[in-house]
Structures are given as structure tokens and as C-alpha cells.
Amino acid sequence: MAAPTAARALRPLWGARCPLPLSPHQAVPRIRPIPEGPRHLHTTPACLKTRAARVRVGKGDKPVTYEQAHAPHYIAHRKGWLSLHTGNLAEEPGAAERAVEDAFLRRFFYGTFPGVLADEVVLKRRANLLVVCLVLARGLPPAKLYFLVGYAETLLSHFYKCPVRLELQTVPGKVVYKYL
Amino acid sequence: QDPTAAHYMFQDDPFLMPRNAANSRLFSLSKESGRNAAKYIIKQFPQYFDKTFAEPNIPCLMPETLTPQIEGVNEEALKERIHLRRVKDSVDLFDQLVQAGTPVSLETTNSLLDLLCFYGDGESTPEKEEQKEDLEEPGVQASEQKAPKRQFQRGSQSSGSRWRENNNAARIFKIMPERNAHSYCTMIRGMVKHRAFAKAYDMYIDLLNERHKADVHTFNALITAVPYLKERFIERWELAKVFLNHMAQQEVQPNLLTFNAVLKTLRRCGGVGRSMSPLVIKEMEALDIEPSLATYDHLLFIFYRGADLCPSGIISEVLDDIQKRSFTPQDPDDGMDFNMSDNLHCLSLGEKCCDLRDIKLAYQLNKAMEKGDNWKFIDMDRLNAYWSKFFSLLCMMEQIDVVLKWYKEMSPSLFYPTPKNILDLLQALDAANHLEVIPSVWEDMKQLGFNRRQDLLEELLSLMSREQHPDEIQLAFAKCAEDIKAVHEQTGREQTPLEWTASALSHVALLFSRAGRTQDAWYVNMMERFQQINRIPTDQVMDEFLNCAKQTNCPDEAIKLVKLAASLGLPSSQRLKSRTEEEFVLSEKQK
């Protein structure tokens with residue numbers, strides 16, 4: 001009796017194709033299985049889905065901003081870019097450095113403005129100047145926001161040796177595009 | 001220039017824009033303190049910020065290296081520490097050198113004396129590090145950083161560090177094997193800076209005995225010390241003349257700062273100052289030295305100190321001069337003493353004496369401000385004071401539409417009106433009979449945070465309720481009155497409710513009754529007055545209320561009013577009763 005139930009339990013392990021009757025080690029799971037089973041290619045049904053930067057549809061209670069709601073193939077159609085620089089043009093140097101700087105800056109702002117960042121940070125580079133555009137929720141009083149702005153501007157200027165300017169926009173709360 | 005935008009240092013967002021002067025100061029200071037926090041971190045961890053990958057290298061974005069590099073007890077190390085302004089280290093090193101017997105050159109000793117005399121005996125703190133050794137250089141360079149400029153300027157003004165007996169500088173001076181003129185001069189300047197004036201004078205006598213020549217800066221310092229050396233005005237002037245004669249004897253050419261120092265001394269010389277200062281100005285012109293803003297400031301102070309003085313034509317001459325030139329800062333007093341505001345202060349004094357000319361002077365001054373770099377001489381606080389005085393003058397002297405135009409242009413962007421400004425504005429509106437603008441003024445008052453000030457509320461209410469107005473205006477007034485009532489009754493929310501005063505209450509009731517809002521008026525009558533504070537309503541209020549009740553045809557209200565009057569024991573209750581009986585159709589029961 002144990003054997004048929006064990007067999008049934010084990011069948012999903014092998015997928016639709018269970019080529020051989022089960023050996024005792026597979027049938028009775030108490031015994032540690034010796035790795036000796038049939039040697040086939042393990043194939044599961046192919047999962048040919050891209051998952052990059054997409055929010056999966058859920059129950060309908062997850063608020064999602066415009067930025068998050070659109071997949072990457074909508075860039076240049078319905079979305080803009082989050083980071084604008086000339087490093088990716090033909091024969092221009094420095095694309096990799098800009099990418100690393102972008103990653104650092106996003107983490108920096110995520111930490112410096114804890115809980116009040118309402119959307120992704122937009123970085124614009126014009127010649128030497130780095131303009132950082134933030135959308136913040138009104139969680140902190142304006143004096144504290146100004147403190148953080150002065151701090152971030154000076155620290156980043158000294159770190160990256162280029163003038164850094166912060167341009168803020170405050171919104172009452174996160175701007176929800178739809179619920180997924 | 002956008003009249004609705006705040007200063008460009010603030011973010012352009014309605015939540016982040018400052019609405020009144022206090023907020024504007026708070027935000028600019030918090031931004032500055034954020035910058036200071038970042039600078040502190042850069043100073044603490046310079047190893048993360050010193051990679052030079054910018055082409056060309058930007059030195060102002062690199063962390064400062066303030067640790068001395070050269071070790072060992074030798075003269076080079078001493079020179080380096082002096083250069084880095086490390087007072088205590090240099091003194092220690094000097095002592096070590098002297099004890100070890102190595103001769104220290106005269107120049108190095110002189111530069112050590114310079115350092116010590118400049119900093120008194122205290123260590124150079126980060127605040128004072130920004131000061132330049134050359135006293136002529138202005139502190140106006142950091143003009144974007146308005147707040148710390150004000151802080152360290154005040155710090156240097158009141159550098160109350162006293163010159164102690166036998167401090168390091170005096171000690172080193174004594175043990176110097178040879179001294180030249182420079183040593184004496186430095187000591188004199190240091191003593192004057194740190195307020196040891198008698199000692200400075202003695203040191204000067206020593207210098208003369210040694211037959212050295214003093215330089216221009218020393219003489220300037222001595223002249224500034226004159227008011228502290230003598231008491232009577234004549235003696236002060238005589239001493240200043242003595243110094244000037246010595247200067248001429250030693251063939252030292254006076255410069256602008258000399259004349260400014262003389263004028264500063266004359267400021268404290270009363271009547272003598274007034275007679276002597278034109279002569280000083282003539283000397284300056286003869287020597288081809290252009291007067292700076294501080295010169296004008298001293299002049300105006302000398303002539304306008306008393307409130308009862310009749311202004312001479314000097315102020316218009318001064319303004320003409322100022323208009324022709326744009327100024328560069330040349331004297332540390334240029335920025336500090338806020339010449340412009342003193343000008344305007346004199347204007348408001350002058351307006352007491354003579355009338356018409358002064359608004360023109362104010363416009364002239366305004367134009368002079370906008371020319372070139374002149375606006376940089378004032379920092380944010382005083383700029384607000386300047387505009388506020390200007391606006392008061394405008395309200396008093398100009399027509400109402402000009403006033404309103406300036407108000408709209410200036411109000412959120414250039415300056416934040418003070419309560420006095422709002423009062424002036426209300427009076428101007430009253431004088432011009434333009435009272436329908438009052439509801440918008442009330443909106444501005446709310447935004448500025450003045451909606452709890454008793455004086456402003458009284459003024460506003462009395463203006464609104466003085467006369468009968470056409471209907472829409474009356475409705476608008478009633479809405480304002482409702483806001484004011486809400487202010488008085490606000491409970492909880494960390495603000496204690498304002499106390500009602502009798503006049504405020506009566507005005508509010510009047511306004512409500514005129515607008516036909518009987519319920520509100522009755523509510524005001526019943527609840528507030530009767531129970532809590534025992535104020536007596538005036539007859540006018542009673543009459544108005546009766547009128548209102550007649551208009552809305554509520555005889556019950558009228559009867560309630562009569563009962564109230566009777567219970568309060570008012571003398572007019574009889575009259576009210578008869579009026580009620582006449583004007584209303586009453587049923588028997590009501591009678």
C-alpha cells in the first residue's frame with residue numbers, strides 16, 4: 001500500500017514521462033536514494049517569457065506607477081529614459097562609467113531620502129553638469145528636505161568632481177497609474 | 001523677473017516655496033547646514049574623495065589637506081605650520097627651536113608674530129579660517145552663502161577675545177633678539193584688534209623711540225583706537241590729528257582705509273565730527289581717493305544721528321554720487337554696516353521733516369541698488385528689512401494704485417511683508433477708500449501666518465465693519481469674519497484659541513448681521529458674549545441685529561434679542577422693545 005501511494009507521489013517528480021517502473025529506492029522515500037536513476041535530459045515545458053522590468057498581473061490590489069506599469073519595449077514609445085547621457089552614441093567614451101555612476105546614484109538617493117521617493121530618479125547630464133530630478137512625497141517637512149538637498153548636492157559634487165544640481169518636485173502621494 | 005517666484009535658491013515647488021520671512025530664513029539655513037554636514041563628512045573621510053579623475057583637476061572639489069607634511073624640529077616645519085594657520089603647533093615648535101638653540105630668522109619670527117596677532121591667542125577655528133589675513137579683502141566673496149557670511153562677519157565683529165597679559169605674542173616679542181619695524185607694527189595691529197588700546201599706544205611710543213617707521217596699516221589701526229584712548233571729543237580729534245601729522249612726517253601715504261578710520265573716529269566725536277567731516281572729504285578728493293560705501297555710511301551717521309536734526313542737502317549729494325558709480329567692496333565695513341539700510345533709515349527720519357522729496361530719494365536709491373553689483377552688499381535678512389521700509393514709505397506717500405502695483409510685484413518674490421507693512425497697507429486702502437481689496441489682503445495674511453495677530457485682526461475688523469457696503473462686498477467681508485471667528489475658536493491642534501475682545505466680537509456680529517446671516521450673528525451673540533467672557537454688546541450691534549432680523553423676517557430672533565438686552569440690563573433695552581413692537585407683526589403670545 002505504501003508503494004502505490006509513493007509511486008503516485010513520485011510521479012510528478014518525473015514529469016509526464018515516467019519511463020521505467022520505480023526502483024525500490026524511489027518507491028519508498030524513507031530510504032535515501034542512491035543516485036543511480038535513469039539518465040535522461042531533464043526537460044520541463046519551456047518557459048519562454050521575458051521577465052525584465054515587468055510587473056506581473058496580480059489580484060488587482062497592487063498600485064503601480066506609470067513607469068513600472070510599462071515594459072521596456074515601450075521605451076521611446078510610451079516611456080522616456082531614466083538616464084540621459086551621450087556615452088552610448090557612436091564613438092563616445094564612458095558608457096560603462098556612466099552606468100556605474102547611475103547605479104550608485106540611484107542607491108544613494110534611495111538611502112538619502114528614505115521613504116519619500118515617489119518614483120525613479122531621473123538623471124540628466126549636460127556637459128559637466130549632472131542634474132538629478134527627484135519626485136518626492138510630502139513626508140518630511142520642507143526644512144528637512146532642504147537639508148538633504150544641500151547635503152546631497154555638496155557630497156556628490158565632491159565625489160564626482162562635477163557640479164550636481166537637484167531639482168525636486170513634490171506630490172501628495174505616489175502617483176498610481178493602475179492597479180495590477 | 002517673475003513676481004510670483006521665490007528666490008532662486010529655493011526649489012520651484014508649491015510645497016517647498018517659503019511663504020513668509022521666517023520660513024525663507026529657515027529653508028536657506030537648513031540648506032546651508034546640509035552643505036556643512038557634507039563638508040564635515042568630506043573632511044572626516046578625505047580618502048574617499050581624493051581621486052583626481054577630472055580633467056583638468058578642480059581644486060575646490062577636492063578635500064583640503066590641512067595636516068603638516070614636514071616633520072622634525074626645524075625652521076621649514078615652522079614655516080609650514082604658520083602657513084597652515086596652526087597657532088598652537090607653531091608656538092610649540094618655536095619654543096622647541098629656541099630651546100634647542102637654533103636661530104630662527106627674523107622673517108619667520110615676524111610671520112609667527114603676524115599669525116599670533118591675527119588670531120589673538122585662540123586657535124584658528126574653522127570659522128576664522130575663512131578670514132583672510134589682509135584686512136582689506138572683503139568678506140563679500142561668498143555671496144551665495146548668505147547665512148554663514150552673516151555668521152562669520154558677526155563673529156569677527158564681536159571677536160571679544162581679549163589681549164591677555166603676557167600671552168604668546170608678547171612673550172615672543174620680548175625674547176626676540178632683534179626687532180624691526182614690521183614686528184612693532186604687527187604687535188600694534190594685533191593689540192588694537194584685540195582691544196588692548198593703551199598697550200598699543202605704548203608700543204607705538206616704543207616704535208618711535210627706536211626710530212622705526214610705521215606703515216599705513218598701523219596708522220589705520222591707531223586711528224581706529226583713538227576713541228578708546230581719550231574721552232572728550234576735542235581730545236579725540238586732537239589725537240587723531242597727531243597721528244595724521246606723524247604719518248605726514250614719516251612720509252606714509254594715506255589710503256582709503258585711513259580716511260574711513262578717521263571718519264569712524266569722528267562718528268564718536270559728536271559735534272566736532274559734524275564740523276570736521278566735510279574737511280576730511282575734501283582731503284580725500286584732493287588726494288584723488290574715491291570714497292567707498294563705508295565713507296558714505298560714516299558721513300550719514302555723523303549727520304543724521306539725532307532725530308531732530310534737519311537734514312542738510314547731504315543725503316541727495318550722497319545719492320547722486322552713489323548713482324554715478326557702481327561699487328566694488330573695498331572696506332570690510334562696506335558689507336557689514338549695511339550702508340543701504342542706513343540710508344533708508346535716514347529717509348524715514350527725513351520724512352518727518354520734509355515731505356515730497358523723499359519718495360524720489362527712495363526711488364533713486366532703488367535704482368542705485370539695481371545697478372551693477374550693488375545688491376550684493378546686503379544679505380537676505382537685511383534685504384527684507386530694506387524692502388519692508390521701502391514699502392512703508394510707499395504706503396505713506398504714494399497713490400493707492402502705485403502701492404498696489406508695487407505690492408503685487410514685490411510681495412512673494414522680493415520680500416515678505418511684515419505685520420507693520422500689512423497695517424500700513426490697510427491704512428492706505430482706508431485712506432483711498434478701496435476697502436473691497438480687503439478680502440484679498442486677508443488671504444495674504446493667512447498665507448503669511450499673521451492670522452493670529454490681535455492688532456492686525458482688530459484693524460481689519462474695524463475697517464470692514466465701519467460702514468455699510470454694497471452686497472457682494474458685504475458677503476466677502478462676512479466670509480472673512482467667519483475665518484476670524486474660526487481662528488478664535490480653534491481648539492486642540494497645539495494652538496490655544498485667541499481670546500475674544502469686545503470690539504472684535506461686536507465687529508464680527510455686525511458683519512454677520514449685515515450680510516443677513518442671522519444664525520451666525522445670534523450664535524456669536526449668545527454663546528460667546530453671554531457665557532464666557534461677560535462682554536457687553538454695543539447699541540450699534542443691537543440695532544444692526546434688529547435690522548437684520550427685520551430683513552429676514554424672524555420676529556423670534558428679535559424677541560430673543562430683547563430678552564438678552566433685558567437680562568444684561570442694558571439701558572437701551574426699552575428702546576429695543578418699543579422698536580420691536582413697532583416694526584414687527586407680533587402675535588399676542590409674543591407680546
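Residues numbered from 1 in each chain as written. Chains lettered and ligands numbered in written order. Predicted model: local features only at pLDDT ≥ 70, side-chain atom pairs only at ≥ 80, totals over all residues. Heavy atoms only, no water.

Draft legend 1. The arrangement of the overall build of chain A in detail. Scanning chain A from N- to C-terminus turns up five helices and six strands. Reading chain A from its N terminus to its C terminus gives the helix and strand order α-α-β-α-β-α-β-β-α-β-β. Within the span of chain A, comprising 180 residues, buried residues form 33% of the whole. Long-range contacts, defined as pairs at least 24 residues apart, comprise 52% of the intrachain contacts of chain A with a sequence gap of at least 6. Accessible area of chain A: about 12100 Å², with a carbon and sulfur share of 60%. (Helix = DSSP H or I, 4+ residues; strand = E, 2+ residues; numbered from the N terminus. Buried < 20%, exposed > 50% of the residue type's maximum accessible area, 1.4 Å probe, protein only. Contact = heavy atoms within 4.5 Å. Areas by Shrake-Rupley, 256 points an atom, 1.4 Å probe, with all protein chains shown as cover.)

Draft legend 2. Molecular detail of the overall build of chain B. Within chain B one finds 29 helices and zero strands. Relative to its full complement of 591 residues, chain B shows a buried share of 47%. Relative to all contacts within chain B whose residues are 6 or more apart in sequence, the contacts with residues 24 or more apart total 68%. Accessible surface for chain B amounts to roughly 29900 Å². Of this, 52% is attributable to carbon and sulfur atoms.

Draft legend 3. Spatial organisation of the interface of chain A and chain B. Listed by partner, the interface residues are 24 residues for chain A and 27 residues for chain B. In total, about 2400 Å² of surface goes out of reach between chain A and chain B, with carbon and sulfur atoms giving 71% of it. Interface area lost by chain A to chain B is led by Y146(A), H158(A) and K161(A), which between them contribute 36%. Counting the contacts that link chain A with chain B gives zero salt bridges. Connecting chain A to chain B are nine residue pairs in polar contact (both at pLDDT 80 or more). Secondary structure elements with two or more residues in the side of chain A that touches chain B: helix 5 (142-160) and strand 5 (164-171) of chain A. (Buried area = accessible area lost by both parts, 1.4 Å probe. Salt bridge = Lys/Arg side-chain N within 4 Å of Asp/Glu carboxyl O. Polar contact = N/O pair within 3.5 Å; in protein donor to acceptor, adjacent residues only side chain to side chain.)

Draft legend 4. Spatial organisation of the nonpolar core. Residue and element names in this part refer to chain B. M187 and Y204 are the most contacted members of the largest nonpolar core, which totals 59 residues. The residue makeup of this core includes at least three contributed by each of domain 1 (67-124 + 164-178) and domain 2 (192-289). By size, the runner-up hydrophobic cluster in this structure holds 41 residues, among which are W406, L435, F477 and L511. (Core = buried A, V, L, I, M, F, W, Y, C linked by side-chain atoms within 4.5 Å. Domains from an automatic or database assignment.)

Draft legend 5. Quick peek at unusual backbone geometry. The omega torsion of the bond from E55(B) to P56(B) falls at -5°, within 30 degrees of zero and hence cis. Tracing the sequence through the fold places P56(B) in the loop between helix 1 (21-44) and helix 2 (75-83). Residue E91(A) is not a glycine yet carries a positive backbone phi of 65°. When you line up the elements, E91(A) lands in the loop between strand 2 (83-84) and helix 4 (95-112). In this model, A127(A) sits at a positive phi of 50°, which is unusual for a non-glycine residue.

Draft legend 6. Representation of the domain arrangement of chain B within the structure. Residue and element names in this part refer to chain B. Taken domain by domain, chain B holds domain 1 (67-124 + 164-178) and domain 2 (192-289). Taken over C-alpha atoms, the centre of domain 1 sits 30 Å from the centre of domain 2. Taken residue by residue, the interface counts six residues in domain 1 and four residues in domain 2. Between domain 1 and domain 2 the total buried area reaches about 340 Å² when both faces are included, carbon and sulfur atoms providing 50% of it. One can count zero salt bridges joining domain 1 with domain 2. Remark: the boundary between domain 1 and domain 2 carries zero residue pairs in polar contact (both at pLDDT 80 or more). Counting residues per element, the side of domain 1 that touches domain 2 draws most heavily on helix 4 (residues 106-119), which supplies three residues. Along the lines of polarity and charge, the residues of the side of domain 1 that touches domain 2 split into four nonpolar, one polar and one charged. (Nonpolar A, V, L, I, M, F, W, Y, C, P; charged D, E, K, R; others polar.)

Draft legend 7. Fine view of helix 13 (residues 271-286) of chain B. Residue and element names in this part refer to chain B. Look at helix 13: 24 Å from first C-alpha to last across 16 residues, which is about the 22 Å you get at 1.5 Å a residue. At S277, helix 13 is bent by approximately 35°, the largest bend along its length, and proline P278 sits one to four residues beyond. Among the residues making up helix 13, those that are buried are V272, G273, S277, V280, I281 and M284. One or two residues past the end of helix 13 sits D288, with phi positive at roughly 70°. (Expected span 1.5 Å × (residues − 1). Bend = angle between axes of the 7 residues up to and from the residue.)

Draft legend 8. Representation of the confidence of the model for chain A. All names here are of chain A. For chain A, the average pLDDT comes to 85, and 81% of its residues sit at 70 or higher. Contacts from residues 1-7, a stretch scored under 50 in pLDDT, to residues over four places away or in other chains number three contacts. Predicted confidence is poor over residues 9-16, with pLDDT under 50, and the contacts of this stretch with residues over four places away or in other chains come to five contacts. (pLDDT = per-residue confidence, 0-100.)

Draft legend 9. Geometry of the state of the cysteines. By the definition in use, this model includes zero disulfides over all chains. Considering cysteine sulfurs only, C162(A) is the nearest to C133(A), which forms no disulfide, with 14 Å between them. C162(A) forms no disulfide, and the closest cysteine sulfur to it belongs to C60(B), at a distance of 12 Å. Looking at C162(A), the relative accessible area reads 10%, which means it is buried. (Disulfide = S-S within 2.5 Å.)

Draft legend 10. Representation of the side chain of E101(A) within the structure. Take E101(A): it is sitting in helix 4. Beyond its immediate stretch of four places on either side in the chain, E101(A) contacts R125(A) and Y160(A).

Draft legend 11. Looking closely at the sheet that holds strand 5 of chain A. Residues and elements named next belong to chain A. Read from one edge to the other, the open sheet built from four strands follows the order 2-3-4-5, with strand pairing classed as mixed. The two strands at the open ends of the sheet, each matched to only one other strand, are strand 2 and strand 5. Across two bridges, strand 2 lies against strand 3 (residues 122-126) in parallel orientation. Residue pairing across strands places S83 opposite L123, the latter belonging to strand 3. Sitting on the sheet, helix 4 is in contact with strand 2, strand 3, strand 4 (129-137) and strand 5, with an inclination near 135° to strand 3. Each of strand 4 and strand 5 is contacted by helix 5, which is oriented at about 150° to strand 5, the strand it contacts most. (Pairing = 2+ DSSP bridges. Axes fitted to C-alpha atoms, helices over the stretch in contact; angles between N-to-C directions.)

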